[in-house]
Each structure stands twice: as C-alpha cells, then as structure tokens.
Amino acid sequence: MSNTWYLYLFFSAALVFAGLLGLLGKRNLIKLFICIEVVGKGVSLLLLSTGFAKGSMLTAQALVITYIVIEVSLVATALALIINIYRTTRSLDIRGLAKLKG
Amino acid sequence: MILQTALLIGLVVFSVLAILLKDLLRSAIALAVSSLLLGIIFFRMGAPYAGVFEISVVAGLITVLFILTIALVHKGDEVRESRLVNWAFPLAFVVFLVIDALVMKGLIGKVPALASGAESGTFGEVLWKGRTLDLVGQIAVILAGVFAVLALFRKRDKHE
Amino acid sequence: MIILFVVLPLIVAGLLPLAGKVSRRVLPDLLANATLLFLLVYAAVAGRALIAGGPVLHQSSWLGEAVGIRLALDGFSLLMLVVVSLVGLAASLFSIDYMEHYGAKGNFYALYLVMVAGMNGLILATDLFAVYVFLEVAAVASYALVAYGLGHDELEAAFKYLMLSVVASAFLVAGIAVVFGMTGSLDFAAVASGLRELNAGPVLGIASALFLLGFGLKAALVPFHAWLPDAHPSAPAPISAVLSGLLIKVSGVYAMTRIFLNVFGLTPALSTVLLWLGAVSMVVAAFLALGQKDMKRMLAYSSISQVGYVVLGIGIGTPLGIAGGLFHLFNHALAKGLLFLTSGSVQQATGTRDLDEMGGLAKRMPVTAVTNLVGALSISGVPPLNGFWSKLLIIVALVQAGHPVFAVVAVLASVLTLWYYLLMQRKAFFGQLNEKWAAVREAPFWMTAATVFLALLCVGIGILFASTVTTWVQPAADILADGIHAVAGSWGF
C-alpha cells in the first residue's frame, strides 16, 4: 500500500473518531445526527482512498456513490424520526429519551 | 500533495466545527462546507463522479434536509450541551490525533496488498455493468426511505 | 431465477401504494401475502432440486450482455431463504388483523416487503459490498417499522436503534475497505483466494475485528446488545417477530458466518472469540431476562441469549457444532417468531404487556395459550420439540470438541431459560383469571392461524428432526464446514 494511503487513513480515522466522540458527548438529537454524518465522511474518504491506492478509481467511485445514496435514505428516515420525536416530546434533548432502559 | 493535505485539514476542521458549534444552522453550514471540501478532494484524487455526487448530494441535498428539519423544530428550546464536553472534546481529539499519527507511521509498509491489475472500461460500464446489483440495492434503499418517510408522516387519527 | 427473491418483493412493494388506492382493505393484504407465499413455496419446493448438483450461480444478462448481478444459492443460503419465507409469511398473515388499527396498511406492507427483499438480497449476495448494501436496505425499512406506531416509546427505541446500527454499518464499511485494500476485490471467491495468497495475519485480524463489531451489533451479541431490549418490545408485534426471528440472524449471524467461515476461514483465534461471545451472551441475557415484567422485553432478552447459543455452536467449528448452531438458528426463528406473535395477540386483547397484570388468560384465549406454550417449551429445549434437538447437538458438539465447561454452562443456561419461560407462561396464562380480562376474546382469525402454523412447525420439526436435519441443515453445515473451498473454487464467475 502506497504511503499516501496512510495519509488519507490518518484523516479518515480522525473524522470517524471525531464523530464517535461527538456521539458520546452531545445531547441535541440533530447534533448527534450531524456526528453520524461526519463518521460517514470519514468512511467514504477511506473507501475512495483505498481505491486510489489500488488504482481502482472507477470501482471505488461506484462504491462511494452507492454509499452516498444509502446515506441520503438514512438521513431522510432519521430526520423524519427526529421531527416526530420533537412533535411528541417538544424537545430535542436525548436525555428526554431515557424512558427505556436498554 | 500540499494542497490536498491542506484540503484534508480543512475537511477535518470544518467537520469538528460542525460538531462543536452551538447554533444548529451554523453547524449545518459547516457540514456543507466540509462536504464541499471533500468533493474537491475527491476531484483531485481523480474521482470526478464521486466528487460531483458528494457536492451535489451531500453538500446540497442533505444540507437542505438538515436546514428543513432545523426550521421545523426551531422553537427556541435550546438544548443545553454539557460544558464538560466542550473542553473535553478538543482535548480527547488532540490526544487521538497524536496516537493516530504514530499508529499510521508505524503501519507504513505493514499492510500486505496484492498488486492489482488495471481497470477496464469506462465509469459508466463499471457502474452499470460491473456493479449492477448495487444499483438494484440503491433502488431498494430509496424505496425504503420513501416509504419510511410516508409512514412516519402519515395522518395520525388513531392512537395506539 | 433466484433473482426473484430480491426483485419480486421490491416490485410488489412499489405497486402497493397504487393497490392501496384501488382497494384499501383487501388488495394490499392479498398482494403482500401472496408474494411471500410464492417465495416460500419456491424456496421450499424448488430450492432443494436446484442445489442438488452444487451451488446455483445466477448471472443476469441484459439484452445479451452479462450484467453485474451475481447471486449464488447454496445449502446455507437456501436454509436462510426458507426460514425468512416461513417467518416472514407467518408475521405477514398475522399483520392482516393486527395492523388494522395502526393505519396505512399498504405502506406497512410496502416497508415489510422491502425489508424482506433486503434480507433475501443479503442472503444471495456474492460480494462484500452487496452484503452491506442489502443490509442497509433491510435496516432502513426496519427503522421505520419499529417506529410505526408513532408513540413516544416506539420513536425513542427506533432512534436509539438507528444510531447504534448506523455506527455498526460504518465499522462494516471500514472492514470492507481494508479487505478491498488488501485483495483489490470485493467478490467472495476472489477475496478468499486473495487472502490465502497473502497470508495476511494481523491486518486480517483488524478487518475481522471491524466485522465483529459491526455484525456483532447487528446480531445483538453482548456487549453490543443494548439497543435490542428497547427496539423489539416497542415495535408492533409482527415486526418484533421478524426482527428477533429474522433480521438479527440474517444481518448479524448469517453475514458474519458467511464471511468468517467461507471467505476468511475460521482460525482458532476467531473460533475462541466466537465461543466466548456466544457463551457470554447466552448467560448474561438469560439472567437479565429473569427480572423482566414486560412480556416482550423478556422475549427480547431471550433472543439475545439464544443468538448466543447459535454463535456458540458455530464457533465450535466442527461439522456437528455448525449443524447444531444452524439448526438452532432455524428453530429459534420459528419459535421466537411464534412467541412474539402470541405476545401481540395478548397485547391486543388486554392492552398491556405487563406480566403482573395478566393472569389466567388460558381460560379466555386457549389457542394462544397453547401456541405460546409450544413456543416457550421449544426455546427452552424441552423434548420432543425442535429446540431440544438443536440444543442437544450444540452441547454434544461442545463436549466432543473438548469444551466441557462450555457444555455445562450451556446446559445451565438452558435450565435458566426454561425457568423464566415457565414463569412467563404461568403469570400470563395459567392461574386465576384476573377479572379485568373476563370479557377478553381469542385473537382474530389470521392472528391465530399464523401462530398455529408456526406452532405446528415447531412440533413437526421436533418429531421429524432427523429428516429435517439431513434435508435442510446438513447441506448448509457442509458448506460452512468446507470453509474457503466452498466459495473459492465453485463460486468463481
């Protein structure tokens, strides 16, 4: 694997970690979902840079495009859930969603 | 390479801003900017199609969805974030970056990889003929998303 | 034409909103259930003939040119297709009556069929990324289905489920990227041979760890199980049945097993990890199930525990262990599906899931009580029901492979399971009839029909377990026991 792959891997890991860290600490539902988006960016960067290192840019692009389409569907569903939660509880605080104990 | 690294740093900076900014709208815009930067990074890697998709769909469509949601729930009920997180986050992040850099440096050359052959065909062929099942999957996931939104916003005239 | 398993539910799902406009009551129900019935018949009847001569490889072509849809049907995928169709059909029939008061049934069935299409696509895929894509298809549909009732609890559960699930998916894609980086390919056969050539060791370990995190969360193995006890009880009963009975097994256990055994190859290290993960899930969840007052929550913890059994069986790595694990996967899908459906009947009749509030329901709902008992005894492993045989296989395999301690633990967990299920049965159905329920009636036709169907299967498979194992389970176990060879040679397109 060429050295540039490790550079991209560094940044991709940084993005994923930032997103995960945000997921642990943040309370606003929309903010939590933005953290997930950041994780998604890290992962798509990883996918594409792996393709770059292998010289398979075409396949990697096809993968990333499919990944982005899946992401859109996810965002739509998640935001629909968030809007419904807001309508039911009048709050976007994750601490208000503590009824179920897991 | 220097420009690419600068773009990558910008990407991470704006993403972290998107997570840390207090105002939701500014957060969404920071996310859009980072998507824009990622799209440019994709272009410069030789992935124009992925770059276009990233910019138009993620920086465009998804940002619009976020702003729509923020508008629908913007009521002044600010959610007070934990103050502990506000300084713990940058601290933990910087620590991670150091560990990350060391790990990556140590990994150089350690990941075995098969030499790969050249890719054949145009992008269209690779996408439509090579990864057709993914396209079926895309249609399926779009159907799932559409029906999900329809189900979640249907008229509620009954109670469970 | 195995592509029908994926394409047919999608097409019908697409048509359902139109059908819903034409005839609100009958047409959506009819279309959805007919589709599932067709798939069940196709898999059960034609499937075995198809794979008699080795795996069926399907390569689509469009207008004469080969197109990138490569699906494979072998013993393992056929077993999964059959179980998806069985429980899918039963829950779908159940929904005809149960989902009446939720509204927008056409929409419900559309999501349901998309979820089934996603699961089938995952089962038939021959490519790492396709596995991920169809896993997400089923997942997105399931988020909306869990939240379907739009009440506070459902929305909360769906949101947490979504958050955790998306993180798991991210780990999966990261693992896929690492494997892609090493081998330059995503196709199972190419990856299997590529990895063998590379002798990748530690980096393969990293990829395996990423896959374990991702699939482990989808399968709700302890310690990644936190989302399940909230999501499964809050969902409408037929969805709980499909989630516990199918989704955690298809997106979790099937995907993980296929990749670990047929593509990576089961190393001793991996085997040990799976054994421990399975054993911990089995025991911890059984203890957590004991203290539950909510009927569906108890069932949810039980699912985590039984999936632990399955992973334990597969982790042994010997042909007998794998057969036991797969048979238990099949049996649990039927029995847990059955139990969630009966809990739905109870919930609809009494309006509550709290076991302490119930009592003596057997007098008013005899059929439901009997089918519930069948399901409970099956999972607890009481002979001659199906669950007994699959647990026996796993325990014998553990002893044979030199893990006597695990075997003892498995037996103890089984005893625990029997205990809390009898507790549930007693509290809900036997004993004094609580006067609140004096006016309660047996569940409507389709709901009872679906539960009776599954109960008969549990009993039938229990009695005919030998032929069931040789006809359905053994071919699947053989494929897995073959390891990489099952895929590297015969799946080359």
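Residues numbered from 1 in each chain as written. Chains lettered and ligands numbered in written order. Predicted model: local features only at pLDDT ≥ 70, side-chain atom pairs only at ≥ 80, totals over all residues.

K.L.:
How should I be thinking about the overall build of chain A in this particular structure?
P.N.:
Within chain A, the regular secondary structure consists of three helices and zero strands. Listed by position from the N terminus, the elements making up chain A come as α-α-α. Over its C-alpha atoms chain A spans a radius of gyration of 17 Å, topping by over 25% the 13 Å that the globule rule assigns to 102 residues. Counting every position in chain A, which comprises 102 residues, the buried fraction comes to 74%. Put simply, 54% of the contacts in chain A that link residues at least 6 apart link residues at least 24 apart. (Helix = DSSP H or I, 4+ residues; strand = E, 2+ residues; numbered from the N terminus. Rg over C-alpha atoms; globule rule 2.2 N^0.38 Å. Buried ≥ 20, exposed ≤ 12 C-beta atoms within 10 Å, placed from the backbone. Contact = placed C-beta atoms within 7 Å.)

K.L.:
Explanation requested: the overall build of chain C in the structure shown.
P.N.:
Broken down by element type, chain C carries 19 helices and two strands. Here the C-alpha atoms of chain C give a radius of gyration of 21 Å, agreeing with the 23 Å that 2.2 N^0.38 yields for 493 residues. The principal-axis extents of the C-alpha atoms in chain C amount to approximately 70 × 60 × 40 Å. In chain C, which comprises 493 residues, the share counted as buried stands at 66%. Excluding contacts between residues fewer than 6 apart, the proportion of contacts in chain C whose partners are at least 24 apart in sequence is 81%.

K.L.:
Got a minute to help me understand the packing of helix α4 (residues 105–124) of chain C against helix α5 (residues 128–146) of chain C in this structure?
P.N.:
Two packed helices can be described by the angle between their axes and the distance between those axes. Residues and elements named next belong to chain C. For the pair α4 and α5, interaxial distance at closest approach is 8 Å and the crossing angle is 155 degrees. For the element pair α4 / α5, the angle class is roughly antiparallel. Along this stretch, α4 crosses α5, giving a crossing that reads as left-handed. Where α4 approaches α5, its residues L111, Y112, V114, M115, A117, G118, M119, G121 and L122 are matched on the opposing element by V131, F134, L135, V137, A138, A141, S142, A144 and L145. (Axes fitted to C-alpha atoms, helices over the stretch in contact; angles between N-to-C directions. Parallel < 35°, antiparallel > 145°, perpendicular 65-115°, else oblique. Left-handed = near helix turned anticlockwise from the far one by under 90°.)

K.L.:
Looking at this structure, how should I read the interface of chain A and chain B?
P.N.:
A common way to report how large an interface is uses the accessible area buried once the components associate. Facing the 58 residues of chain A at the interface are 66 residues of chain B. Within the residue set of the side of chain A that touches chain B, elements represented by two or more residues are α1 (3–25), α2 (29–54) and α3 (57–89) of chain A. Of the residues forming the side of chain A that touches chain B, the biggest block, 24 residues, is contributed by α3 of chain A. Partitioning the side of chain A that touches chain B into residue classes produces 37 nonpolar, 13 polar and eight charged. (Nonpolar A, V, L, I, M, F, W, Y, C, P; charged D, E, K, R; others polar.)

K.L.:
Sorry if this is basic, but what is going on with the interface of chain A and chain C here?
P.N.:
Each partner contributes residues to the interface: chain A has 30 residues there, and chain C has 29 residues. Of the residues forming the side of chain A that touches chain C, the biggest block, 13 residues, is contributed by α3 of chain A. Taken together, the residues of the side of chain A that touches chain C break down into 18 nonpolar, ten polar and two charged.

K.L.:
I'm lost on the confidence of the model for chain A in this one. Help?
P.N.:
Interpretation of the predicted coordinates at a detailed level should be avoided for regions scoring low in pLDDT. Summary statistics for chain A give a mean pLDDT of 90 and a share of 95% for residues scoring 70 or more. Per-element averaging of pLDDT across chain A places α1 of chain A at the bottom with 92 and α3 of chain A at the top with 94. (pLDDT = per-residue confidence, 0-100.)

K.L.:
How should I be thinking about the pairing of strand β1 (residues 56–62) of chain C in this particular structure?
P.N.:
It is a general feature of regular strands that their side chains alternate between the two faces of the sheet. All names here are of chain C. Across six bridges, β1 lies against strand β2 (residues 65–73) in antiparallel orientation. Residue pairing across strands places V56 opposite L73, the latter belonging to β2. A loop of two residues connects β1 with β2, the two strands running antiparallel in sequence, and L63 in this loop sits at a positive phi of about 55 degrees. (Pairing = 2+ DSSP bridges.)

K.L.:
I would appreciate a short explanation of the environment of K105 of chain C in the present structure.
P.N.:
All names here are of chain C. Here K105 lies in helix α4. C-alpha of K105 to C-alpha of A450: the two residues are 345 residues apart in sequence and 18 Å apart in space. Leave out the neighbours within four places in its chain, and K105 touches P28, D29 and M99.

K.L.:
I tried to follow the nonpolar core on my own but got confused; where do I start?
P.N.:
Nonpolar side chains in soluble globular proteins tend to be buried together. By size, the foremost hydrophobic cluster in this structure holds 311 residues, and its most contacted members are L111 and V114 of chain C. Among residues more than four places away in sequence, those in contact with L111 of chain C are A144, F147, A148 and A151 of chain B together with A141, A144 and L145 of chain C. (Core = buried A, V, L, I, M, F, W, Y, C linked by C-beta atoms within 7 Å.)

K.L.:
What should I look at first to understand the packing of helix α3 (residues 75–98) of chain C against α4 of chain C in this one?
P.N.:
Residues and elements named next belong to chain C. Two elements in contact, α3 and α4, have axes whose closest approach is 10 Å; the angle formed by their N-to-C orientations is 170 degrees. Between α3 and α4, the angle is such that the two are roughly antiparallel. Here α3 contributes S77, M80, L81, V84, G88, S92 and S95 to the contact with α4, which in turn contributes F108, Y112, V116, M119, N120, I123 and L124. Looking at the contact of α3 with α4 residue by residue, the classes come out as nine nonpolar, five polar and no charged.

K.L.:
Help me understand the confidence of the model for chain C in this model?
P.N.:
Residue and element names in this part refer to chain C. Taken as a whole, chain C shows an average pLDDT of 88; of its residues, 99% reach a score of 70 or greater. Per-element averaging of pLDDT across chain C places helix α19 (residues 485–488) at the bottom with 76 and α5 at the top with 95. Overall fold confidence for the complex sits at a pTM of 0.94, while the interface term, ipTM, reaches 0.95.

K.L.:
It is not clear to me how the environment of L210 of chain C should be interpreted in this structure. Could you clarify?
P.N.:
All names here are of chain C. Note on placement: L210 falls in helix α8 (residues 202–218). Remark: the alpha-carbon pair of L210 and F406, spanning 196 residues in sequence, is separated by 26 Å. Excluding residues that lie within four positions of it along the chain, L210 makes contacts with F171, A174, G175 and V178.

K.L.:
Please explain α5 of chain C as it appears in this structure.
P.N.:
Each turn of an α-helix holds 3.6 residues, which means side chains three or four residues apart point in the same direction. Taking 1.5 Å of rise per residue, 19 residues should cover 27 Å, and α5 of chain C covers 27 Å from first to last C-alpha, within 8% of that figure. In terms of residue burial, α5 of chain C counts as a mostly covered element, since 19 of its 19 residues are buried. (Expected span 1.5 Å × (residues − 1).)

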